[in-house]
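The chain contents come next:
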Amino acid sequence: SITEETVELLEPYLDMEDYNLETAKKVCGNVAGLCSWTQAMAYFYGINKEVLPLKANLALQEGRLAAAQMELNSAQNQLDEKQTELDEVQAMYDAAVQEKQALLDDAEACRRKMCNASALIEGLGGEKLRWTASSKNFQNQIINLVGNVLLATGFLSYSGPFNQEYRNLLLQLWKKEMDNSKIPYSKNLNLTDMLVDNATVGEWNLQGLPNDDLSIQNGIIVTTASRYPLLIDPQGQGKIWIKNKEKNNGLQVTAMNHKFFRNHI
């Protein structure tokens, strides 16, 4: 309850030199405490004069802080709600992006397949003529199959002992008889190509068989005919070829003057 007026009235006393606790104790010990108390209350008033506005301001700021805290809590709640909505929208966006990428990947795969299919169709379109010609050729082969097999069979069965010239003559005579009998056959028939493939011929050449037509025909007769061949081989080429060809098959070689062969006879 102390006031500013009271403090002003006390100031002349407080400013006196002998208004202090030590002097008061000398005059009267009971009053010395009152002297000290008045000094303390004046000092307290000066301090409290500065503190009261601060307390009032503190209370005001605490009120503002509470209001701001409420606003902050409300804003935080709204932020949490918006964050939840944002998370949901972000998840939807991520799913849409993944779906978009999957669609793009599928589209790219379809585009590649379309390009490959277009290239295949174009390639097949180019092959149409060849397939048509091949189909026609296969049909002709079916029609001429009996005559071609007949010529090949006659070649294997009867032309072995003769030279190339006589073999060709036999072939022409057979074709003439087949024309008379109206047996169809391929006009451009090549018996060598019909009875053996190039890879086999190449292997025979590596084994020592000469590469001329007569030698290749002889090789066909030796390997295809059902009867055991008899080779007239003054140069020994046929013997070398057979020994190399059958080397891994356990071929046994003998001669008429071999002792085991002679004793067996």
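All values reported here derive from a predicted model rather than from experimental measurement.

**Looking at the UniProt feature "coiled-coil region" (unreviewed entry) in the protein**
Item 1. Using the residue numbers shown here, the UniProt feature "coiled-coil region" (unreviewed entry) corresponds to residues 58-113.
Item 2. What you have in residues 58-113 is 100% helix and 0% strand, and the ends, taken at the C-alpha atoms, are 78 Å apart.

**Section: the side chain of Gln-207**
Item 1. Structurally, the position occupied by Gln-207 is in the loop between α6 (198-206) and α7 (213-224).
Item 2. When its relative accessible area of 14% is taken as the criterion, Gln-207 is described as buried.

**Side note on the packing of aromatic side chains**
Item 1. According to the stated counting rule, one finds two aromatic pairs in the structure shown.
Item 2. The interplanar angle of 55° and the centroid separation of 4.6 Å between the aromatic rings of Phe-162 and Tyr-166 together place this pair among those described as tilted.
Item 3. Taking 5.6 Å as the distance between ring centres and 70° as the angle between the ring planes, the aromatic pair formed by Trp-204 and Trp-241 counts as edge-to-face. Here Trp-241 lies in helix α8 (residues 237-245) and Trp-204 lies in helix α6, a separation of 37 residues in the sequence.
Item 4. Assessed through its relative accessible area of 6%, Trp-204 is described here as buried.

**Topic: the side chain of Gln-217**
Item 1. Structurally, Gln-217 is set in helix α7.
Item 2. Given a relative accessible area of 11%, Gln-217 falls into the buried group.
Item 3. Excluding its chain neighbours within four sequence positions, the residues that come into contact with Gln-217 are Phe-155, Gln-164, Arg-167 and Thr-192.

**Re the environment of Glu-122**
Item 1. Along the polypeptide, Glu-122 turns up in helix α3 (residues 29-158).
Item 2. The class of Glu-122 is exposed, set by a relative accessible area of 63%.
Item 3. Here the alpha-carbon distance between Glu-122 and Leu-170, two residues 48 residues apart in the chain, equals 48 Å.

Calculation rules
Residues numbered from 1 in each chain as written. Predicted model: local features only at pLDDT ≥ 70, side-chain atom pairs only at ≥ 80, totals over all residues. Heavy atoms only, no water. UniProt positions renumbered as here; feature names shortened; annotations may be inferred. Helix = DSSP H or I, 4+ residues; strand = E, 2+ residues; numbered from the N terminus. Buried < 20%, exposed > 50% of the residue type's maximum accessible area, 1.4 Å probe, protein only. Phe/Tyr/Trp six-rings, centres within 6.5 Å; stacked < 30°, edge-to-face > 60°. Contact = heavy atoms within 4.5 Å.

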